[in-house]
Amino acid sequence: MHVYSQMRERLPYRRQYAVPGIVRRYMGNLTDRNVRLWRLVSAAVIALEVALPPALLVEQTMPYAVAAGIGMHVAFTCLKPRQLVTFSSLTVGTYVAFAA
């Protein structure tokens, strides 16, 4: 986030990233608090990625797992759309197909 906030105007395709201003404002620096916060966010995303497949197999948790998976991959696309649009689109499609 810190590098993004410093370099975003120098990047090709400058306006393609959809990082909300509130995220940049409160989590975009390299303070100890922000580093701890991003580590927590990273650990939560990894835990969610591990928990989603078993949750998809249980009928009671499947709708929540599908919603969480779709939301997570849409967020990934907002962070880096040019590189992840194909991956996230295919993943969201598999969640929808899995629920059908």
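Just so we're clear, the structure is a prediction, and the values are computed from it rather than from any experiment.

### Regarding the overall build of the protein chain
Right, on to step 1. What the protein chain contains, in helices and strands, is five helices and zero strands.
Right, on to step 2. The linear arrangement of helices and strands in the protein chain, starting from the amino end, is α-α-α-α-α.
Right, on to step 3. Taken over 100 residues, the protein chain has a buried fraction of 21%.
Right, on to step 4. Element-wise, carbon and sulfur atoms account for 67% of the exposed surface of the protein chain, whose accessible area totals about 7,100 Å².

### Let's talk about the side chain of Thr91
Right, on to step 1. On the secondary structure map, Thr91 appears in helix H5 (residues 81–99).
Right, on to step 2. Look at Thr91 and you get buried, because its relative accessible area is 14%.

### Considering the confidence of the model for the protein chain
Right, on to step 1. Per-residue pLDDT for the protein chain averages 78, and the proportion of residues at 70 or more is 71%.
Right, on to step 2. Per-residue pLDDT, averaged within each element of the protein chain, yields its smallest value for helix H1 (residues 2–7) (66) and its largest for helix H3 (residues 32–57) (87).

### Digging into H3
Right, on to step 1. Taking 1.5 Å per residue, 26 residues should reach 38 Å; H3 reaches 39 Å between its end C-alpha atoms and fits that length.
Right, on to step 2. The axis of H3 is deflected most strongly, by about 35°, at Ala51, and proline Pro53 appears within four residues downstream.
Right, on to step 3. Looking only at H3, the buried set comprises Asn34, Leu52, Ala55 and Leu56.

### Observations concerning the environment of Pro53
Right, on to step 1. Relative to the assigned elements, Pro53 resides in helix H3.
Right, on to step 2. In this structure Pro53 comes out as partly exposed when scored by relative accessible area, which is 45%.
Right, on to step 3. C-alpha separation for the pair Pro53 and Val66, spaced 13 residues apart in sequence, amounts to 9.7 Å.

### Examining the side chain of Ser88
Right, on to step 1. Inspection of the secondary structure puts Ser88 in helix H5.
Right, on to step 2. Residue classification places Ser88 among the buried residues on the basis of a relative accessible area of 1%.
Right, on to step 3. Sequence-distant contacts of Ser88, that is, excluding residues within four places in its chain, are made with His73, Phe76 and Thr77.

### Considering the packing of H3 against helix H4 (residues 62–79)
Right, on to step 1. For the pair H3 and H4, the least separation of the axes is 9 Å and the interaxial angle reads 145°. In the crossing of H3 with H4, the sense of the turn from one axis to the other is left-handed. Packed against H3, whose contacting residues are Val45, Leu48, Glu49, Leu52, Ala55 and Leu56, the element H4 presents Met62, Ala65, Val66, Ala68, Gly69, Met72, His73 and Phe76 at the interface.
Right, on to step 2. Across the contact of H3 with H4, the residue classes break down as eleven nonpolar, two polar and one charged.

How each quantity is defined
Residues numbered from 1 in each chain as written. Predicted model: local features only at pLDDT ≥ 70, side-chain atom pairs only at ≥ 80, totals over all residues. Heavy atoms only, no water. Helix = DSSP H or I, 4+ residues; strand = E, 2+ residues; numbered from the N terminus. Buried < 20%, exposed > 50% of the residue type's maximum accessible area, 1.4 Å probe, protein only. Areas by Shrake-Rupley, 256 points an atom, 1.4 Å probe, with all protein chains shown as cover. pLDDT = per-residue confidence, 0-100. Expected span 1.5 Å × (residues − 1). Bend = angle between axes of the 7 residues up to and from the residue. Contact = heavy atoms within 4.5 Å. Axes fitted to C-alpha atoms, helices over the stretch in contact; angles between N-to-C directions. Left-handed = near helix turned anticlockwise from the far one by under 90°. Nonpolar A, V, L, I, M, F, W, Y, C, P; charged D, E, K, R; others polar.

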